[in-house]
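Listed below, chain by chain, are the residues.
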Amino acid sequence: TKAFDVERIRRDFPILAQEVNGKPLVYLDNGASAQKPIAVLDAMDRYYREMHSNVHRGAHTLGDRATAAFEGARETVRSFVNAPSSREIIWTRGTTEAINLVANGLAPRLKEGDEILVSHMEHHANIVPWQMVAERTGAKVVPVPVNSAGELDLDAFNSLLNERTRILAITHVSNVLGTVNPIASLIKKAKDQGALTLIDGAQAVPHFKPDVQALDCDFYVFSSHKLFGPTGIGVLYGRAELLEQMPPYQGGGEMIERVSFERTTWNVLPYKFEAGTPAIAEAVGLAAAIRYLDNLDRKAMEAAENALLARANELVSTVPGMEIIGTAAKKVPVMSFKIAGLHPSDIGTLLDQQGIAIRTGHHCAMPLMDFYGVPGTARASFAFYNTLEEVEQLFAGLQKIQRLFT
Ligand SMILES: Cc1ncc(COP(=O)(O)O)c(CNc2co[nH]c2=O)c1O
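Because the structure is a prediction, the values reported are computed rather than measured.

J.: Got a minute to help me understand the overall build of the chain in this structure?
T.: Looking only at helices and strands, the chain features 14 helices and 17 strands. With respect to the three principal axes, the spread of C-alpha positions in the chain is 75 × 55 × 40 Å. Counting only residues that meet the buried cut, the chain has 57% of its 406 residues in that class. Considering only intrachain contacts with a sequence separation of at least 6, the fraction spanning at least 24 residues in the chain is 71%. Accessible surface, the chain: about 16,900 Å² in total, of which carbon and sulfur atoms supply 53%. Side-chain charges in the chain split into 40 positive and 46 negative, and the spacing between the mean points of these groups amounts to 1 Å.

In structure tokens form, the structure reads like this:
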């Protein structure tokens with residue numbers, strides 16, 4: 001794979017070329033939200049300058065242009081996840097809404113004693129909607145434990161998966177640990193038990209393209225803002241035959257075929273799940289982000305990301321009292337850590353004073369924090385536009401903090 005010209009890539013991300021607190025910005029909070037390339041900014045600007053109108057049923061040229069851009073974006077997403085049909089691509093506000101939509105849509109299938117299998121490393125977005133539905137239906141949410149390295153306990157998975165398991169809802173990648181779960185095999189085992197499978201792809205899609213047909217999962221969800229697209233939009237991929245059987249998630253315009261006070265009928269897929277005026281410019285922006293990624297050499301990108309994580313791992317020993325949380329064999333470039341004698345939020349604040357942006361806290365994964373016995377972690381999450389120098393700056397900053405405050 002040809003070398004990854006990160007300096008040229010960085011010029012595509014205008015936000016990176018700024019100073020914070022008098023220092024060059026070192027943006028290492030990509031797991032929370034990624035930055036946007038000029039191609040995304042231009043696509044959304046151009047949409048509003050030349051194409052905007054409300055979509056569908058338009059009786060005029062701009063309406064046709066907006067609809068073509070909006071449905072063209074849906075096709076770009078379909079291709080990105082390799083879904084059989086664009087009817088199976090539902091626009092949502094993000095990963096959180098996509099999971100809520102599926103949980104509510106599957107609720108009618110759930111009964112007393114049914115089990116929803118999740119993992120201990122889930123984000124609250126893939127725990128709480130299932131708890132809400134379990135509350136209503138008498139089903140039970142069952143967490144699969146992780147080991148101290150932050151890997152799924154596969155023996156526990158095999159013993160917890162049983163004939164009462166109706167749904168497996170599990171993350172492709174942990175936002176705290178960086179762990180990449182072996183979801184292809186987990187999906188197969190769940191299907192062999194007759195369970196439906198939802199994969200939370202929020203932290204996976206910035207690093208690799210999911211192939212939902214190869215994975216053979218029933219649902220795959222992610223957010224645009226994690227893979228270099230705008231906020232306010234996300235994607236639910238769902239198997240058409242399941243979506244057809246699920247009741248709509250929200251009522252209103254677009255999602256209906258015919259409304260009367262006697263009887264209202266639903267629109268066809270995907271519109272049955274898309275009530276109200278959609279996030280049109282955001283769909284255009286997400287499609288531009290996917291096209292941008294498709295133009296990158298993915299193998300070189302992955303090698304560059306792995307080099308960042310490898311360098312960070314090498315430098316851990318230069319910070320006395322630093323300990324990594326999440327040492328799975330297979331990881332994306334996310335590094336959660338703690339430093340003896342320092343609270344995570346102090347680390348975050350003191351790094352920010354040096355222009356370095358990381359995230360601290362529970363990362364919406366409180367059960368995982370409880371497992372590790374910490375109130376929260378400090379987390380650096382790298383993207384392909386970060387540099388080895390930025391990794392060095394992170395650790396120089398941590399060494400300085402450690403010396404000053406312990
Ligand atoms: C694995 C995972 N699932 C779901 C979500 C929710 O995505 P949203 O609906 O777009 O908010 C996130 C966001 N993760 C983080 C958001 O901020 N820091 C994070 O680690 C996530 O990392």
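J.: Looking at this model, I keep getting lost on the domain arrangement of the chain. Mind explaining?
T.: How big an interface is tends to be stated in terms of the accessible area lost upon association of its parts. The domain architecture assigned to the chain consists of domain 1 (6-30 + 297-400) and domain 2 (41-294). Taken over C-alpha atoms, the centre of domain 1 sits 28 Å from the centre of domain 2. Contacts between the two partners involve 33 residues from domain 1 and, on the opposite side, 30 residues from domain 2. Counting the surface lost from both domain 1 and domain 2, the interface buries some 2,600 Å², and carbon and sulfur atoms represent 60% of this.

J.: Explain helix H12 (residues 344-352) here, please?
T.: Along an α-helix, residues three or four positions apart point the same way, because every turn accommodates 3.6 residues. Listed as buried for H12 are Pro344, Ile347, Gly348, Leu350 and Leu351. As for H12, its buried residues are in contact with strand S14 (334-339), strand S15 (356-357), strand S16 (359-361), strand S17 (377-381) and helix H14 (388-405).

J.: Explain the site of the ligand to me, please; I cannot follow it from the model alone.
T.: In the region of the ligand, 16 residues are neighbours, and Thr96, Asp200, Ser223, Lys226 and Arg379 sit closest. A distance of 2.6 Å is found between a nitrogen atom of the ligand and a side-chain nitrogen or oxygen belonging to aspartate 200. In isolation the ligand exposes 490 Å². Once the protein is present, 85% of that is buried. Counted by class, the shell around the ligand contains 3 nonpolar, 9 polar and 4 charged residues.

J.: Would you take a moment to explain unusual backbone geometry for this structure?
T.: Leaving glycine aside, a negative phi is the common case for residues, and trans is the common case for peptide bonds. With an omega of -5°, the peptide bond between leucine 269 and proline 270 qualifies as cis. Residue position: proline 270 is located in the loop between strand S12 (264-266) and helix H10 (280-294). Located in the positive-phi region is histidine 56, a residue other than glycine, with phi close to 65°. With respect to the helices and strands, the residue histidine 56 is situated in the loop between helix H2 (38-51) and helix H3 (61-81). Histidine 56 gets classed as buried once you look at its relative accessible area, which sits at 16%. Although it is not a glycine, histidine 363 adopts a positive phi angle of roughly 55°.

J.: What exactly am I supposed to notice about the nonpolar core here?
T.: In globular proteins that are soluble, nonpolar side chains generally tend to be buried together. Counting residues in each nonpolar core, the largest one holds 83 residues, and the members touching the most others are Trp91, Tyr220, Phe222, Leu227, Phe228, Phe384 and Tyr385. If you tally residues by element for this core, the top one is H10, at 11 residues. Split by domain, this core shows at least three residues from each of two domains, domain 1 (6-30 + 297-400) and domain 2 (41-294). Ignoring sequence-local partners within four residues, the contact set of tryptophan 91 consists of Phe70, Ala73, Arg74, Val77, Ile233, Gly234, Val235, Phe273, Glu274, Ala283 and Leu286. Of all hydrophobic cores here, the second largest spans 29 residues; its members include Ile90, Ile99, Ala103 and Phe273.

J.: Would you mind going over the packing of H2 against H3 with me for this structure?
T.: Pairs of packed helices are described in terms of their axes, by the angle between the two and the distance that separates them. The interhelical angle for the contact between H2 and H3, taken along N-to-C directions, is 160°, at an axis separation of 10 Å. When the axes of H2 and H3 are compared, the pair comes out roughly antiparallel. Contacts between H2 and H3 involve Tyr47, Glu50 and Met51 on the former and, on the latter, Leu62, Arg65, Ala66 and Ala69. A per-class count over the contact of H2 with H3 returns 5 nonpolar, no polar and 2 charged.

J.: Help me understand H14, please; the structure alone is not making it clear to me.
T.: Across its 18 residues, H14 extends 26 Å between first and last C-alpha, which sits within 8% of the 26 Å expected from 1.5 Å per residue. All of the buried residues in H14 are Glu390, Val391, Leu394, Phe395, Gly397, Leu398, Ile401 and Gln402. An end-on view of H14 places all buried positions within 155° of arc, on one side of the element. Turned more than 90 degrees off the buried face of H14, the exposed positions are Arg403 and Leu404.

J.: Got a minute to help me understand the packing of aromatic side chains in this structure?
T.: Think of a pair of aromatic rings as described by two things: how far the centres are apart, and how the planes are tilted against each other in angle. Under the defined criterion, the tally for this structure stands at 11 aromatic pairs. When the ring of phenylalanine 228 is compared with that of phenylalanine 384, the centres are 4.8 Å apart and the planes differ by 50°; the resulting orientation is tilted. Of the two residues, phenylalanine 228 is situated in the loop between strand S9 (219-223) and strand S10 (234-238) and phenylalanine 384 in the loop between S17 and H14; the sequence distance between them amounts to 156 residues. Pairwise contacts between aromatic rings join Phe13, Phe228, Tyr292, Phe384 and Tyr385 into one cluster.

Cut-off values and rules
Residues numbered from 1 in each chain as written. Predicted model: local features only at pLDDT ≥ 70, side-chain atom pairs only at ≥ 80, totals over all residues. Heavy atoms only, no water. Helix = DSSP H or I, 4+ residues; strand = E, 2+ residues; numbered from the N terminus. Buried < 20%, exposed > 50% of the residue type's maximum accessible area, 1.4 Å probe, protein only. Contact = heavy atoms within 4.5 Å. Areas by Shrake-Rupley, 256 points an atom, 1.4 Å probe, with all protein chains shown as cover. Lys, Arg positive; Asp, Glu negative; His and termini not counted. Charge placed at Lys NZ, Arg CZ, Asp CG, Glu CD. Domains from an automatic or database assignment. Buried area = accessible area lost by both parts, 1.4 Å probe. Near = heavy atom within 4 Å. Polar contact = N/O pair within 3.5 Å; in protein donor to acceptor, adjacent residues only side chain to side chain. Nonpolar A, V, L, I, M, F, W, Y, C, P; charged D, E, K, R; others polar. Core = buried A, V, L, I, M, F, W, Y, C linked by side-chain atoms within 4.5 Å. Axes fitted to C-alpha atoms, helices over the stretch in contact; angles between N-to-C directions. Parallel < 35°, antiparallel > 145°, perpendicular 65-115°, else oblique. Expected span 1.5 Å × (residues − 1). Arc of directions from axis to C-beta. Phe/Tyr/Trp six-rings, centres within 6.5 Å; stacked < 30°, edge-to-face > 60°.

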